[in-house]
Amino acid sequence: MFSAVCFANGGAELAQHSDAQVWAQLQQGAQGYTTSKSEFHNQPINTYDLRVLEVRDLLAPALIAASFGMIIIFLLFIKVNGISKLHHGFSGKMVYRWSKFDVSIHWLGAIPCLLLILTGIGLLAGRFFIQPYIGEGAWGSLVYGAKQIHDVVAFPFMAGWLLMTVLWAKNQMPKMYDVKWFMVVGGYINFGPFKGKHPDAGFANAGEKLWFWAFAIFGLVISATGMILLFPNLFEPSRTISLLSLILHGVSAIIICAFSIVHIFMATAMSEGGMECMVSGYCDENWASQHHNLWFDEIKENGTLKYKE
Ligand code: HEM
């Protein structure tokens, strides 16, 4: 690599230096000349880029904190607070909520998203908690496999993201009653002044709306930056754009990862009866009136309430 570049202070002088000294000079931004015409062609290591890479080094600990931290917080929360039970139990009457197509596009986006999170954590932060414990060969294969999966599942993720964002946005518009929902933490706190509170919610509650819009916005950022990183020859980004994409990709990943963990806990463990919505598309009538009262009242009034036969 270095033979293609001659340095201003003379190749002969550099040749007498040890590798460490050459590296030190390069890292300080040593410049020279070359026949190449590409950006920064006379400077193998750009000191500005190195500063951006320092920011990148913060992403791995932040991703570990966001993912493992969120899991620990939620486990403690459930232990102290307990889950949200259906006050009147299950009615057994199942109300239509999501179409089969909605359920399919949810899983089209969700399954790849989970694979992207797992492989992404391995690629960005695996050197801290996997590499020290396995051999070099195994680590190399793991990184290679993770990268292949990460690149392939990005496409179904983007398809799921696009469909969910476009088709579901109308039900996720913020309303004034969403403020009250946040003030009483959605009625999920089982003690103190919050206990027994059931804030109003339409088809989506305020927490779901926050997740939806975070997913819509950061899903776009992560997809766009991912494509720039995956196809450098197609987009021909400058080195600065590439580095910026790398940072934005990581920051979006941290946000989506933290939200996903909250979302999965809410759907599977926190809200009794909630998971059924994304299995059959139907929810129990008591779940509908407890968690989405305004929506339930609305479908009763406008005649669109449909029960499972
Ligand atoms: C094991 C993992 C997951 C489970 C069990 C799960 C479950 C659910 C359930 C039950 C709902 C419907 C909630 C309702 O009807 O009120 C839902 C909605 C939704 N899910 Fe997931 N989900 C998972 C992963 C994901 C992932 C990884 C994404 C991101 C791609 C995602 C994106 C969404 C979105 C945008 C909604 C609509 C907003 C909302 O209702 O919260 N889900 N999910």
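Residues numbered from 1 in each chain as written. Predicted model: local features only at pLDDT ≥ 70, side-chain atom pairs only at ≥ 80, totals over all residues. Heavy atoms only, no water.

### A closer look at the environment of Leu-294
Heads up, the condition is: Working definition: helices are DSSP H or I runs of at least four residues, strands are E runs of at least two. Numbering for both runs from the N terminus. Two residues form a contact once any of their heavy atoms are found within 4.5 Å.
Tracing the backbone through its elements, the reader meets Leu-294 in helix α11 (residues 293-301). Note: C-alpha distance between Leu-294 and Phe-203 (91 residues apart in sequence) is 7.4 Å. Those residues within four positions of Leu-294 in sequence are excluded, and the remaining contacts are Tyr-177, Asp-200, Ala-201 and Gly-202.

### What about the coordination of the iron atom of the ligand?
Formally: Sodium, potassium and calcium take a 3.2 Å donor cutoff, other metals 2.8 Å, and in both cases only N, O and S atoms count; water is not among them, so sites may look incomplete. Geometry is assigned from the angles between donors: four donors with all angles from 85 to 135 degrees make a tetrahedral site, four or six donors whose opposite pairs exceed 155 degrees while the rest stay between 65 and 115 make square planar or octahedral sites respectively, and everything else is labelled irregular. The rule is simple: take the accessible area with a 1.4 Å probe, protein chains only, and divide by the maximum for that residue type; under 20% is buried, over 50% is exposed, in between is partly exposed.
Summarising the metal site, the iron atom of the ligand is bound by the protein donors His-106 (NE2) and His-263 (NE2), whose distances to it range over 2.0 Å. Seen from the iron atom of the ligand, its six donor atoms lie at angles of 85 to 179 degrees, and the figure they make is octahedral. Residue His-106 is found in helix α4 (residues 100-129), and its partner His-263 is found in helix α9 (residues 239-270); the two are separated by 157 residues along the sequence. You can call His-106 buried: its relative accessible area is 11%. Relative accessible area serves as the criterion here: at 29%, His-263 is assigned to the partly exposed category.

### Quick look at the site of the ligand
Note the cut-off: Consider each residue's heavy atoms; a residue with any of them within 4 Å of a molecule or strand counts as near. Distance and chemistry together define a polar contact, namely a pair of N or O atoms within 3.5 Å, with one atom able to donate a hydrogen and the other to accept it when in protein, and with adjacent residues in sequence counting only for side-chain atoms on both sides.
Inspection of the region around the ligand gives 22 residues, with Arg-97, Trp-98, His-106, Glu-208 and His-263 positioned closest. Note that a nitrogen atom of the ligand is positioned 2.8 Å from one of the side-chain N or O atoms of His-106. Measuring from a nitrogen atom of the ligand, one finds a side-chain N or O atom of His-263 at 2.7 Å. Elements with a minimum of two residues in the shell around the ligand: α4, α7 (206-230) and α9. No other element matches the five residues that α4 contributes to the shell around the ligand.

### Let's talk about the nonpolar core
Which entries qualify depends on this criterion: We define a nonpolar core as any set of buried Ala, Val, Leu, Ile, Met, Phe, Trp, Tyr and Cys residues linked to one another through side-chain atoms lying within 4.5 Å.
Ranked by internal contacts, the top residues of the largest apolar core, which has 46 residues, are Trp-98, Phe-157, Trp-168, Cys-283 and Trp-295. When residues of this core are traced back to their parent elements, those giving at least two are α3 (47-81), α4, α5 (136-168), α7, α9, α10 (285-291) and α11. Ignoring anything within four residues of it in the chain, the contact list for Cys-283 reads Lys-93, Met-94, Val-95, Arg-97, Cys-277, Ala-288 and Trp-295.

### Let's talk about the packing of α4 against α5
How we decide: Axes here refer to lines fitted to C-alpha atoms; in helices the fit is confined to the stretch in contact. Angles between the N-to-C directions go from 0 to 180 degrees. Crossing handedness: left-handed means the near helix sits turned counterclockwise from the far one by under a right angle, and right-handed means the same turn made clockwise. In the scheme used here, Gly and all other residues not listed as nonpolar or charged are polar, with Ala, Val, Leu, Ile, Met, Phe, Trp, Tyr, Cys and Pro taken as nonpolar and Asp, Glu, Lys and Arg as charged.
At a minimum axis separation of 7 Å, α4 and α5 run at an interaxial angle of 145 degrees. Classified by chirality, the crossing of α5 by α4 is left-handed. Residue classes in the contact of α4 with α5 are distributed as 22 nonpolar, eight polar and three charged.

So, to be careful, I would describe these as geometric facts and stop short of saying anything about function.
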